[in-house]
Amino acid sequence: FAFAAANPITNELGMPVSPLVLQPWIEFDFYLKSLEMYRSLSVSELVGTFREFYQRPAGEQFGHIIGGPVFPFMIAIFDYREGNTLPLAAFYLVLSCLTCFVWQIWLSRRGVGFLWLLVFAVLPNPFWYLLNVTTDLPFAFLVATFYLLFGRSSRRLFEAVGWVGALILSLLIRPNGVSLLLFVFLFQLWKS
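Everything quoted here is computed from the prediction, not taken from an experiment. Think of each chain on its own: its residues are numbered from 1, step by step along the sequence as written. Since the coordinates come from a predicted model, pLDDT governs what is reported: local features require at least 70, and pairs of side-chain atoms require 80 or more to be given and counted, while whole-chain, interface and lining totals use all residues. To obtain the side-chain values, all non-hydrogen atoms of the structure were used and water was disregarded.

A look at the nonpolar core
Then comes step 1: By nonpolar core is meant a set of buried Ala, Val, Leu, Ile, Met, Phe, Trp, Tyr and Cys residues that side-chain atoms within 4.5 Å join together. A simple rule labels every residue: compare its accessible area, found with a 1.4 Å probe on the protein chains alone, to the largest value its type can have, and call it buried under 20%, exposed over 50%, or partly exposed in between. By size, the foremost hydrophobic cluster in this structure holds 25 residues, and its most contacted members are F71, I75, Y92, F146 and W163.
Then comes step 2: Per the convention used, a helix needs a DSSP run of H or I reaching at least four residues, while a strand needs a run of E reaching at least two, with both numbered from the N terminus. For this core, the secondary structure elements donating two or more residues are α2 (27-40), α4 (70-77), α5 (86-109), α8 (136-150), α9 (157-173) and α10 (177-191).
Then comes step 3: The element best represented in this core is α8, accounting for six residues.
Then comes step 4: Throughout, a contact is declared for two residues whenever any of their heavy atoms are within 4.5 Å. Ignoring anything within four residues of it in the chain, the contact list for Y92 reads F71, M74, Y129, L130, N132, V133, T134, T135, L137 and P138.

Rendered as structure tokens:
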């Protein structure tokens, strides 16, 4: 973490990516505009914005499309801005460790040896996503949590609450969460 802060790596545009630098990706402005919409619109106006978006064909879209609420709220909660990047960056460090831990548990339960678990722990992807503050890491954590809890053979209440919670949050962070919802729907059809 300290090494990455002192020696930022660059993204595909050649811009520095570091816990000390506000992320320069294009979508960040999109989420800031979404945050302003969440702050300024009433609940009924927000619902209307989402409904209007999903009722129009893709070719007829115009204006600002509002993002799911989870990431804009994370920006607000951690007050992520120029000069105050470390609180959210530290949260991303913890979230990246948790995501790796979830997959380590899954691999370990399948008999993967310690050396391979160690190799998995030092793969570069988790490091990139903990430095690059986007929706990717929270979504990856939610997918890992969903997968680990939904795939359990036992059906305890806290596991069901956990995977349903991960499913709902994934829908509220990225549209890709719909794929998890579709999976659950198809699984229930196949099972019955």
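Quick notes on the packing of aromatic side chains
Then comes step 1: Between rings of Phe, Tyr and Trp, where Trp is taken as its six-membered ring, a pair exists when centres lie within 6.5 Å; planes separated by under 30 degrees are stacked, by over 60 edge-to-face, and by other angles tilted. Inspection of every chain in the model, using the stated rule, returns 17 aromatic pairs.
Then comes step 2: Ring geometry for W106 against Y147: centres 5.6 Å apart, planes inclined by 70°, an arrangement best described as edge-to-face. Of this pair, W106 sits in helix α5 while Y147 is found in helix α8, placing the two residues 41 residues apart along the sequence.
Then comes step 3: Here Y147 falls in the partly exposed class, since its relative accessible area comes to 41%.

Things to note about unusual backbone geometry
Then comes step 1: One non-glycine residue, D79, adopts positive backbone phi at about 50°.
Then comes step 2: Looking at the element boundaries, D79 is found in the loop between α4 and α5.
Then comes step 3: On the basis of relative accessible area, D79 is assigned to the partly exposed category, the value being 34%.

Let's talk about the packing of α9 against α10
Then comes step 1: Every axis in this analysis is a line fitted to C-alpha atoms, fitted for helices over the stretch in contact. Angles between the N-to-C directions lie between 0 and 180 degrees. Here α9 crosses α10 at 140°, and the two axes come no closer than 7 Å. With respect to α10, the axis of α9 lies oblique. The interaxial crossing formed by α9 with α10 has left-handed handedness. For the pair α9 and α10, contact is made by W163, L167, S170 and L171 and by G177, V178, L180, L181 and V184, respectively.
Then comes step 2: Only Asp, Glu, Lys and Arg are considered charged, only Ala, Val, Leu, Ile, Met, Phe, Trp, Tyr, Cys and Pro nonpolar, and every remaining residue, Gly among them, polar. Looking at side-chain class alone, the contact of α9 with α10 contains seven nonpolar, two polar and no charged residues. In these notes the angle categories are as follows: under 35 degrees is roughly parallel, over 145 is roughly antiparallel, 65 to 115 is roughly perpendicular, and the rest is oblique. Helix crossings fall into two classes, left-handed where the near helix is turned counterclockwise from the far one by less than a right angle and right-handed where it is turned clockwise.

Some thoughts on the side chain of R174
Then comes step 1: As for its placement among the helices and strands, R174 is situated in the loop between α9 and α10.
Then comes step 2: In terms of polar contacts, R174 uses its side chain to reach the side chain of D136, at 2.5 Å.
Then comes step 3: Setting aside its immediate chain neighbours within four residues, R174 contacts T135, D136 and F139. Whenever a nitrogen or oxygen atom comes within 3.5 Å of another N or O atom, the pair is scored as a polar contact, on the condition that within protein one atom can donate a hydrogen and the other can accept it, and that pairs from neighbouring residues in sequence are kept only if both atoms are in side chains.

Considerations on the layout of surface pockets
Then comes step 1: Of the pockets and cavities examined, the largest pocket occupies roughly 450 Å³.
Then comes step 2: In this analysis, the protein atoms alone were mapped onto a 1 Å grid. Cavities are point sets where a 1.4 Å probe fits without being able to get out; pockets are open sets with protein on both sides within 12 Å along at least five of seven lines; lining residues have an atom within 4 Å of a point. Taken together, 22 residues line the largest pocket, and the ones lying closest to its centre are G67, G68, I173, R174 and P175.
Then comes step 3: Breaking the lining of the largest pocket down by element, the ones donating at least two residues are α2, α3 (43-55) and α9.
Then comes step 4: Grouping the constituent residues of the lining of the largest pocket by class yields 13 nonpolar, six polar and three charged. Grid points are joined across faces, edges and corners, and a volume is the space filled by probe spheres set on the points.

Some thoughts on the packing of α5 against α8
Then comes step 1: At a minimum axis separation of 9 Å, α5 and α8 run at an interaxial angle of 30°. Taken together, the axes of α5 and α8 lie roughly parallel to each other. Regarding α5 and α8, the two cross each other, and that crossing is left-handed. Residues Y92, L95, S96, L98, T99, V102, W103, I105, W106 and R109 of α5 form the contact with α8, whose own contacting residues are L137, P138, A140, F141, A144, T145, Y147 and L148.

Focus: the environment of L107
Then comes step 1: Mapped onto the fold, L107 is located in helix α5.
Then comes step 2: For L107, a relative accessible area of 17% translates into the label buried.
Then comes step 3: Sequence separation of L107 and F120 is 13 residues, and the distance between their C-alpha atoms is 9.4 Å.
Then comes step 4: Once residues within four sequence positions are removed from consideration, L107 is found in contact with V112, L117 and F120.

Keep in mind these numbers describe shape, not what the thing actually does.
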